[in-house]
Structures are given as structure tokens and as C-alpha cells.
Amino acid sequence: MSGKKTPGSPAGRHAYEGLDRAIHEKARLGIMTCLLTHKAGLTFNDIKELCALTDGNLSRHLKVLEDEKLVEVEKGYEGKKPKTLCRLSKEGRKRFLEYLEELEKVVRDASVEKVLRDEGSKKSGDSAWSPA
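Residues numbered from 1 in each chain as written. Predicted model: local features only at pLDDT ≥ 70, side-chain atom pairs only at ≥ 80, totals over all residues. Heavy atoms only, no water.

Mind showing me how you'd approach the side chain of E102 here?
Among the secondary structure elements, E102 is positioned in helix α5 (residues 90-124). On the basis of relative accessible area, E102 is assigned to the buried category, the value being 11%. Here the side chain of E102 touches G18 through a polar contact of 3.4 Å, landing on its backbone nitrogen. Setting aside its immediate chain neighbours within four residues, E102 contacts Y16, E17, G18 and L19. (Helix = DSSP H or I, 4+ residues; strand = E, 2+ residues; numbered from the N terminus. Buried < 20%, exposed > 50% of the residue type's maximum accessible area, 1.4 Å probe, protein only. Polar contact = N/O pair within 3.5 Å; in protein donor to acceptor, adjacent residues only side chain to side chain. Contact = heavy atoms within 4.5 Å.)

What should I look at first to understand the pattern of salt bridges in this one?
Close approach of charged atoms allows side chains of opposite charge to pair. Inspection of every chain in the model, using the stated rule, returns 8 salt bridges. A salt bridge links K63 to D67, with the nearest nitrogen and oxygen atoms 2.8 Å apart. Of this pair, K63 and D67 are both found in helix α4 (residues 55-67), 4 residues apart, which corresponds to roughly one turn of the helix. Overall, K63 belongs to the partly exposed group, its relative accessible area being 46%. For the salt bridge of E98 with K94, the shortest nitrogen-to-oxygen distance reads 3.0 Å. Of this pair, E98 and K94 both sit in helix α5, 4 residues apart, which is roughly one turn of the helix. Residue classification places E98 among the partly exposed residues on the basis of a relative accessible area of 39%. Taken together, the salt bridges that share partners define one network made up of D20, E68 and R95. (Salt bridge = Lys/Arg side-chain N within 4 Å of Asp/Glu carboxyl O.)

Explanation requested: the pairing of strand β2 (residues 71-78) in the structure shown.
Looking down a regular strand, the side chains alternate between one sheet face and the other. Pairing between β2 and strand β3 (residues 81-88): 8 bridges, direction antiparallel. Along β3, the bridge assignment pairs Y77 with P82. Between β2 and the antiparallel strand that follows it, β3, lie 2 residues; G79 among them carries a positive phi value of about 70 degrees. (Pairing = 2+ DSSP bridges.)

Is there a simple way to think about the nonpolar core in this case?
Soluble, globular proteins show a tendency: their nonpolar side chains are buried together. In this structure, I31, M32, L35, I47, L58, L62 and V71 are the most contacted members of the largest nonpolar core, which totals 21 residues. Listing elements by their share of this core, those giving two or more residues are α1 (21-24), α2 (26-36), α3 (44-51), α4, β3 and α5. Element by element, the count of residues in this core is highest for α2, at 5 residues. Not counting chain neighbours up to four residues away, the residues in contact with I47 comprise I31, L35, L42, L58 and C86. (Core = buried A, V, L, I, M, F, W, Y, C linked by side-chain atoms within 4.5 Å.)

How should the pairing of β3 be read in this particular structure?
Pairing of strand β1 (residues 42-43) with β3, which is carried by 2 bridges, proceeds in the antiparallel orientation. Bridge pairing in β3 places L42 opposite C86.

Please clarify how the environment of L35 should be interpreted in this entry.
You can see L35 is positioned in helix α2. Residue class for L35 comes out buried when judged on its relative accessible area of 0%. Each C-alpha atom of the pair L35 and R93 lies 8.9 Å from the other, and the pair is 58 residues apart in sequence.

Shown next as C-alpha cells:
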């Protein structure tokens with residue numbers, strides 16, 4: 001890519017500034033998705049299993065999300081066993097839903113670009129390679 005503006009296309013159209021870096025990492029995206037779908041929260045072990053993470057990885061990613069005020073981590077005991085409960089904060093829910101809206105823009109833009117590319121190749125008879 002040359003960095004030149006495509007005619008008829010607004011500058012920065014594909015910058016996707018709303019893709020929050022704290023959320024965008026694969027493991028944190030999985031954690032946030034789990035917590036969004038379980039409003040009451042999930043235990044550390046439930047998240048670990050659902051996201052296929054090790055104890056250390058999950059702890060590290062939860063710390064990042066907690067520092068960003070996206071999740072709340074509550075440590076306690078169930079009987080004599082330690083229990084860690086995690087849930088989305090109010091701010092975390094808001095930011096994650098905004099993040100998902102931005103991700104939907106990416107999908108829509110990619111779909112439009114694919115349609116335009118496919119139409120262009122049909123008209124020109126171009127059989128060049130294109131990504132799936």
C-alpha cells in the first residue's frame with residue numbers, strides 16, 4: 001500500500017480507532033466475551049477453562065483488564081477453599097460494547113470491499129488470486 005488516499009474514500013476510513021488495545025488481545029477478548037455473557041460473573045477456574053488459559057496467563061490478563069477498570073475481581077472463600085469471582089465493571093461493559101460496534105464496522109467494510117472486488121474481477125474477467 002502506498003499510503004495514498006483512494007479516490008472517493010474518506011481519509012482514515014480504515015483506521016478503526018475504536019479497537020481498544022486493552023481488549024483487542026486474543027485472550028482478553030475471550031475473557032471479556034465470557035464475562036459479557038455471564039452478568040453475575042464467573043469464577044477464575046470457569047474463565048480459565050472457557051478460554052483455555054493457564055493460571056499464570058489468566059492472572060496476567062485479568063490484571064491488565066482490572067488496571068483498565070474493565071473488570072472487577074473479588075477474592076474470597078467458599079468454605080475453606082479460595083474463590084475468585086470476576087465480572088465486567090459498568091465501564092467495562094460500556095467499553096466492550098463500543099469495541100464490538102467498531103469490530104462490526106471492520107466486518108461491514110471488509111464485506112463491502114469484497115463485493116466491490118468481486119464485481120470488478122467479473123467485469124474485467126480477472127482471475128487473479130484473492131484472499132478467501
